[in-house]
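# Descriptive structure summary
Spelled out from the first residue to the last, the chains are:
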Amino acid sequence: MAIELDLKGEVCPYTFVKTKLKLEELDSGEELVVTFDHAPAVENVPRSLKNEGHKIMGIEQRNDHLWIVRIRKA
Amino acid sequence: MKLGILLSTTPENENTNTVISISRAARKHGHDVSIFLMYDGVYNINKKEFAGLIEIGVNITVCALNAEQRKVSKAEGILFGSQYDHACIAEDVDRFLSFG
């Protein structure tokens, strides 16, 4: 079961910081589903997490201002 | 040597010409240069001489949030990144200069 994190209303750098802090609570292989409404974050957070070794399972755009990013912890 | 530069002032500030000159000199001597732009520094990508640094191999990263706030549009060869990229540059380089 994936853990959910709602980061609507958050902007950089908190989008990355809060995602990373949540990931630290998970076990390796667990999945985190994060909701963003800040366009720059949707490009930068996945790229930064990949750089840290985590796997981006999917990025889904729900509407003009809502994105769902699914991450598997390394 | 790897040189990192943070620039957070507008192109009208003399910092811009200083950063351009330091970057050109460093590249001439074969050093790697990575620049991070934030706050009003993001406007520097609209200055021809500054954007021209890409052609001599300077890596330029812009804070995407500050660029969005200032309606600075994306430009070829410039990464619209975040404070994560800023931290990676600061960690990776041998010397780091901050112009603010």
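Right, let's walk through the structure included here. (Residues numbered from 1 in each chain as written. Chains lettered and ligands numbered in written order. Predicted model: local features only at pLDDT ≥ 70, side-chain atom pairs only at ≥ 80, totals over all residues. Heavy atoms only, no water.)

Once that is clear, we can look at the overall build of chain B. Per the secondary structure count, chain B includes four helices and five strands. Each helix and strand of chain B, ordered N terminal to C terminal, gives the series β-α-β-α-β-α-β-α-β. For a compact globule of 100 residues, the expected C-alpha radius of gyration is about 13 Å, and chain B comes in at 12 Å, within 12% of that figure. Its C-alpha atoms give chain B principal-axis dimensions of about 35 × 25 × 25 Å. Counting the 100 residues in chain B, one finds 46% classified as buried. In chain B, the proportion of contacts linking residues at least 24 apart, taken out of those at least 6 apart, comes to 68%. Accessible surface for chain B amounts to roughly 5100 Å². Of this, 49% is attributable to carbon and sulfur atoms. In chain B, 10 side chains carry a positive charge and 12 a negative one; their mean positions are 4 Å apart. (Helix = DSSP H or I, 4+ residues; strand = E, 2+ residues; numbered from the N terminus. Rg over C-alpha atoms; globule rule 2.2 N^0.38 Å. Buried < 20%, exposed > 50% of the residue type's maximum accessible area, 1.4 Å probe, protein only. Contact = heavy atoms within 4.5 Å. Areas by Shrake-Rupley, 256 points an atom, 1.4 Å probe, with all protein chains shown as cover. Lys, Arg positive; Asp, Glu negative; His and termini not counted. Charge placed at Lys NZ, Arg CZ, Asp CG, Glu CD.)

Our next topic: the pairing of strand S2 (residues 31-36) of chain A. Residue and element names in this part refer to chain A. Of all six residues in S2, six are buried; the element is thus mostly enclosed. Neither face of S2 is open: one carries Glu31, Val33 and Thr35, the other Leu32, Val34 and Phe36, and all of them are buried. In the sheet, strand S1 (residues 3-6) pairs with S2 via four bridges, with the strands oriented parallel. Bridge pairing in S2 links Ile3 to Leu32. (Pairing = 2+ DSSP bridges.)

All names here are of chain B. Tallied over the full model, the rule gives twelve salt bridges over all chains. Taking the shortest distance from any N to any O, the salt bridge between Lys2 and Asp92 comes out at 3.2 Å. A residue pair is termed long-range when its members are at least 10 positions apart, and Lys2 in strand S1 (residues 2-7) and Asp92 in helix H4 (residues 83-92) qualify at 90 residues. Since its relative accessible area comes to 32%, Lys2 is described here as partly exposed. For Asp92, a relative accessible area of 44% translates into the label partly exposed. (Salt bridge = Lys/Arg side-chain N within 4 Å of Asp/Glu carboxyl O.)

The subject of this paragraph is the nonpolar core. All names here are of chain B. Judged by nonpolar contacts, the single largest core of 22 residues is most densely connected at Ile35, Leu37, Ile45, Phe50, Ile60 and Val62. Counting only elements with at least two residues in this core, the list comes to S1, helix H1 (14-28), strand S2 (32-37), strand S3 (59-63) and helix H3 (64-69). With residues up to four places along the chain from it excluded, the contact list for Phe50 reads Leu7, Thr16, Val19, Ile20, Ile35, Leu37, Asn44, Ile45 and Ile60. (Core = buried A, V, L, I, M, F, W, Y, C linked by side-chain atoms within 4.5 Å.)

Glancing now at the interface of chain A and chain B. With 13 residues of chain A at the contact, the number on the chain B side is twelve residues. Both faces combined, the contact of chain A with chain B buries some 940 Å², and carbon together with sulfur accounts for 56% of it. Taken as a group, A:Cys12, A:Asn44 and A:Arg47 account for 41% of the area that chain A buries against chain B, more than any other trio of residues on that side. Linking chain A with chain B are two salt bridges, by the criterion used here. The tally of links from chain A across to chain B stands at six residue pairs in polar contact (both at pLDDT 80 or more). Element by element, the count of residues in the side of chain A that touches chain B is highest for helix H2 (residues 39-51) of chain A, at seven residues. Residues of the side of chain A that touches chain B, tallied by class, amount to six nonpolar, four polar and three charged. (Buried area = accessible area lost by both parts, 1.4 Å probe. Polar contact = N/O pair within 3.5 Å; in protein donor to acceptor, adjacent residues only side chain to side chain. Nonpolar A, V, L, I, M, F, W, Y, C, P; charged D, E, K, R; others polar.)

Coordinates in, geometry out; function isn't part of it.
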